[in-house]
Structures are given as C-alpha cells and as structure tokens.
Amino acid sequence: MLYGSMRHRTQLYLEEDQYRWLRRRAGTGGSIAGVVRDLIDAARTRRSTPSEDTLISYLVDDAPGDSGVRSTVQNLDRDIYG
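Criteria and thresholds
- Residues numbered from 1 in each chain as written.
- Predicted model: local features only at pLDDT ≥ 70, side-chain atom pairs only at ≥ 80, totals over all residues.
- Heavy atoms only, no water.
- Salt bridge = Lys/Arg side-chain N within 4 Å of Asp/Glu carboxyl O.
- Helix = DSSP H or I, 4+ residues; strand = E, 2+ residues; numbered from the N terminus.
- Buried < 20%, exposed > 50% of the residue type's maximum accessible area, 1.4 Å probe, protein only.
- pLDDT = per-residue confidence, 0-100.

Observations regarding the pattern of salt bridges
For side chains bearing opposite charge, pairing can occur when the charged atoms are close.
Then, in step 1: Under the definition given, this model contains one salt bridge.
Then, in step 2: The residue Arg20 makes a salt bridge to Glu16 at a minimum N-O spacing of 3.8 Å. With Arg20 and Glu16 both in helix α1 (residues 16-26), this residue pair falls four residues apart, about one helical turn.
Then, in step 3: The class of Arg20 is partly exposed, set by a relative accessible area of 42%.

Here you go:
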C-alpha cells in the first residue's frame, strides 16, 4: 500500500497564486501533496544543519557564557543574529 506509512491527513486553503505555483511545481505527472511533503522534508533537513541555523551554530560554536558577558533579553537577538 503506497500510503501505508502515512499517519495524518490534512486539508489547507490556498490562495489562487499559491495553488498555481504548486501545480506548476508538481508538473503533469506529480501531485501537489508530493510537492508539499518534499518542501517540508527539505526545510527540516536545512534546519538540522548547525552551520545553516544561526541559533544552533550560536549555541554550538559560541555557547552563551563563554565570553564572560551574560545574554539578557535586551541583547539576545544581537547575540544570536549578529
């Protein structure tokens, strides 16, 4: 069974231009659902790479507390995003 491992079904409303974009991306033989799953998987993969995620690279490469200066609510965005 093709969808035997699929556990959740969802429905969403799209703007006309969003639908056309997905339809073009799917092409003549593909499905919009397949495109959405591929986009989700690609986004999940990108976010799991520390060098591409500013928060993860900040915590791994320059952990808070290493500089001797404490992060506060006022400077946290600057500390994370530069």
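A look at the confidence of the model for the protein
Then, in step 1: Summarising the model, the protein shows a mean pLDDT of 75, and 52% of its residues fall at 70 or more.
Then, in step 2: In the model of the protein, helix α3 (residues 54-61) stands out as the element of lowest mean pLDDT, 64, in contrast to α1, which has the highest, 93.

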